[in-house]
Amino acid sequence: MTGTPATAWLLRAVAPLGGERADLLLAGGRIVETGPPGTLSATDTGARVLDADGLYALPGFVDLHTHLREPGREDAETVESGTRAAALGGYTTVFAMANTNPVADTAGVVEQVWRLGRDAGHCDVRPVGAVTEGLAGRKLAELGAMASSAAAVRVFSDDGHCVSDPLLMRRALEYVKAFDGVIAQHAEEPRLTEGAQMNEGACSARLGMAGWPAVAEEAVIARDALLAGHVGSRLHICHVSTAGSVELIRWAKSKGWRVTAEVTPHHLLLTDELAATYDPVYKVNPPLRTAEDVAALRAGLADGTIDAVATDHAPHAPQDKDTEWSAARPGMLGLQTALSIVIDAMVATGLLDWAGVVDRMALAPARIGGLPDVPVDARSSMDVGAAATLTLVDPEARWVVDPSGFASRSRNSPYRGMTMPGQVRATFLAGRPTVLDGKVV
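Treat the numbers as computed from the prediction; the structure is a model and nothing was measured.

**Some thoughts on the domain arrangement of the chain**
Okay, so step 1: Here the domain parsing of the chain yields domain 1 (9-57 + 383-440) and domain 2 (60-376).
Okay, so step 2: In this assembly, 34 residues from domain 1 lie in contact with 45 residues from domain 2.
Okay, so step 3: For the pairing of domain 1 and domain 2, the buried interface totals around 3000 Å² over both sides, and the portion due to carbon and sulfur atoms is 66%.
Okay, so step 4: In terms of surface lost to domain 2, no three residues of domain 1 exceed Arg409, Asn412 and Tyr415, which account for 22% of the buried area on that side.

**Comments concerning the pattern of salt bridges**
For side chains bearing opposite charge, pairing can occur when the charged atoms are close.
Okay, so step 1: Scanning the entire structure with this criterion turns up 20 salt bridges.
Okay, so step 2: Put simply, Asp119 and Arg118 hold a salt bridge, and the shortest N to O gap is 3.9 Å.
Okay, so step 3: Residue class for Asp119 comes out partly exposed when judged on its relative accessible area of 45%.
Okay, so step 4: Between Arg250 and Glu247 there is a salt bridge, with the nearest N and O atoms lying 2.4 Å from each other. Placement of the pair is Arg250 and Glu247 together in helix H7 (residues 243-254), with a separation of three residues, close to one helical turn.
Okay, so step 5: We classify Glu247 as partly exposed; its relative accessible area is 48%.
Okay, so step 6: Each member of the salt-bridge network shares a partner with another, and the members are Arg73, Asp75 and Asp320.

**Looking at the UniProt feature "binding site: substrate" (unreviewed entry) in the chain**
Okay, so step 1: Here, UniProt's "binding site: substrate" (unreviewed entry) annotation points to His67, Leu68, Arg69, Asn99, Asn285, His316, Pro330 and Gly331.
Okay, so step 2: Beyond its immediate stretch of four places on either side in the chain, Leu68 contacts Glu77, Thr78, Val79, Gly82, Thr83, Val94, Ala96 and Val125.
Okay, so step 3: Its place among the elements puts Arg69 in the loop between strand S6 (61-66) and helix H1 (79-88).
Okay, so step 4: Ignoring sequence-local partners within four residues, the contact set of Arg69 consists of Glu74, Ala76, Glu77, Asn99, Thr100, Ala314, Pro315 and His316.

**With respect to the side chain of Arg298**
Okay, so step 1: As for its placement among the helices and strands, Arg298 is situated in helix H9 (residues 291-303).
Okay, so step 2: Buried and without a salt bridge, Arg298 has Asp344 as its closest oppositely charged side chain, separated by 5.6 Å.
Okay, so step 3: Within the structure, the side chain of Arg298 is placed 2.9 Å from the backbone oxygen of Leu268, a separation counted as a polar contact.

**Structural notes on the sheet that holds strand S8 (residues 124-127)**
Okay, so step 1: The three strands lie next to each other as S6-S7-S8, forming an open sheet whose pairing is parallel. Here the strands that pair on one side only, and so sit at the sheet edges, are S6 and S8. Each strand of the sheet is rotated relative to its neighbour by a mean of 20°, with strand direction disregarded.
Okay, so step 2: Of the pairings in the sheet, the one linking strand S7 (residues 91-96) to S8 comprises four bridges and is parallel in character.

**As for the UniProt feature "active site" (unreviewed entry) in the chain**
Okay, so step 1: UniProt annotation of "active site" (unreviewed entry) refers to Asp312 when read in the numbering used here.
Okay, so step 2: Looking at the element boundaries, Asp312 is found in the loop between strand S15 (308-309) and helix H10 (318-321).
Okay, so step 3: Under the relative-accessibility criterion, Asp312 is labelled buried at 6%.

**Overview of the environment of Pro213**
Okay, so step 1: With respect to the helices and strands, Pro213 occurs in the loop between strand S12 (211-212) and helix H6 (214-231).
Okay, so step 2: Measuring from C-alpha to C-alpha, the distance between Pro213 and Leu116 comes to 39 Å, with 97 residues separating the pair along the chain.
Okay, so step 3: The contact partners of Pro213, leaving out residues within four places of it in the chain, are Leu192, Glu200 and Arg289.

**Structural notes on the side chain of Ser408**
Okay, so step 1: By the element assignment, Ser408 lies in the loop between strand S16 (390-400) and strand S17 (419-429).
Okay, so step 2: Within polar-contact distance, the side chain of Ser408 engages the backbone nitrogen of Ser410 at 3.0 Å.
Okay, so step 3: When sequence neighbours within four positions are dropped, the list of residues in contact with Ser408 reads Ala76, Glu77, Ser81, Ala85, His313, Pro315, Leu333 and Gln336.

**Considerations on helix H11 (residues 338-347)**
Okay, so step 1: By the criterion of burial, H11 is predominantly enclosed, with eight of the 10 residues buried.
Okay, so step 2: Taken together, the buried positions of H11 are occupied by Ala338, Leu339, Ser340, Ile341, Val342, Ile343, Ala345 and Met346.

**Looking at the sheet that holds strand S13 (residues 234-237)**
Okay, so step 1: One open sheet accounts for five strands, arranged S9-S10-S13-S14-S15; its pairing is parallel. Edge positions in the sheet fall to strand S9 (155-156) and S15, since each has one partner strand and no second.
Okay, so step 2: In terms of strand pairing, S13 meets strand S14 (residues 259-263) through three bridges, oriented parallel. The partner of His236 across the bridge, within S14, is Thr260.

Rules and cut-offs
Residues numbered from 1 in each chain as written. Predicted model: local features only at pLDDT ≥ 70, side-chain atom pairs only at ≥ 80, totals over all residues. Heavy atoms only, no water. Domains from an automatic or database assignment. Contact = heavy atoms within 4.5 Å. Buried area = accessible area lost by both parts, 1.4 Å probe. Salt bridge = Lys/Arg side-chain N within 4 Å of Asp/Glu carboxyl O. Buried < 20%, exposed > 50% of the residue type's maximum accessible area, 1.4 Å probe, protein only. Helix = DSSP H or I, 4+ residues; strand = E, 2+ residues; numbered from the N terminus. UniProt positions renumbered as here; feature names shortened; annotations may be inferred. Lys, Arg positive; Asp, Glu negative; His and termini not counted. Polar contact = N/O pair within 3.5 Å; in protein donor to acceptor, adjacent residues only side chain to side chain. Pairing = 2+ DSSP bridges. Axes fitted to C-alpha atoms, helices over the stretch in contact; angles between N-to-C directions.

This is the structure we're talking about:
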C-alpha cells in the first residue's frame, strides 16, 4: 500500500463539523483525544502536528457511484488515478461500478478491483457487482459468490443499463435479502428512451433533439418500489433526476419500504438549457433536466427524501467525448468537484448545514453501502474512539476549475472555468494521510 506510513497526528485548532475549534489527536486509526486549541501535546506521543486553524473536520466522504473503468478502459481511468481523484475530493471510500470490461459479474473480477484499490491505498474501494451476467439483463450474475468473495460485495447494479425485466428484478431483490444486500437500479425504461439525446421538454423541442421523458425514469421507480415493498428487500435508486421521481420515493418511504436514493452533484446544479451549446461535455445519463427538477431535487435532498449525494464520476477518453453530441458517450467527472457543488447548491442556499452535508455525503451512503461501524450521527463521528477517517475542508477557499490539473486520466468536466466554493486540504484514511495541503501523499 502506498502513502505515508501510519503515525500519530495532532490536528491543531481544527473545527469539527464547523463548530468550535479544538485539537484532535489521531493514533492507531482512531481519534484518541480532544481538547481546546493548544491544550494537547504532540511531545508525549511523537505526533506530527498539522496546523488546521480555519479548517473544518468532517468524516471522510463515501461515494456510492464511481466509475473507475479498470479493467478494460484504462485509457479513461484506472483504480490508481480514480482513487487519487477521490482522495483529493475528500473521499475515503468509493463504490466502483460494474460496467468494466470484463464486467464485474464474477467473484474473480470484483476481487481484482478490490485488490487494485487496496494496493493503491488512496481510499477504500468497494466493488459493485453486476445484477445480471454481462449487464445483459437476461440472467442473474453470481450474486452469492460475489457476496462471499474477499471483496464482500453488498451493492449490486447494472448501472448504465436498467434491469427492465420485472421478474428478474424481483428475483434479484429476493436473492440479496439473504445477506442484506441492496439492488441499485438505473431507472430507465429502455423502450421510452430509444434514440433519446436530452431531456424531453421545451428545450429539446426547440433544439430538435430526441427527448428523454421523465416518465422513463419514474415508471421504473414506481414498479421497483412496489417490488421492494412486496419482497421486503432493499432497493436503491441511482442518480434521481426528476421532480416526479422525488415524489415517488417520498411515497415509497411513507409506506415503510426499504427504498433509498441518491442524487448527483450535476443534477443539483446544471439544467437542460446547457444542451443548447451542443457541447457533449453536458451529455449525461440520465440527462440534465429543468430548473424545476433541480429545485425539487435540492428540496428532496434537504428533507431526507433523497438520502445521499453520489458523484456518478464517469471519465471518458477524448475519442469518446470530444465528438459530435449524438456520438458522444454520456457522463461527467465528479469526484474533485462534488463537495464544492454541494456547498454551492445546498449550504450557501441554507438548505443544509454542515451536519447535513456529513449525513448526505458520508454517513447515509456508508449505511446504504453496508460499511461497518458507521457513526449514529454527525456529532458522534468526531467523538473520542471514532475512526480517524477524516476530511479537512477550507470553507472559505475559492478555486477555479481546471480539469487539466485533475488526478483523473480524463478531462470531461462540465465545470471548466467556474469558480467554486470550499476546498479539501487534507484527507485521512484510518489515521493515515492520503492528502496533505491539497496534494496526494
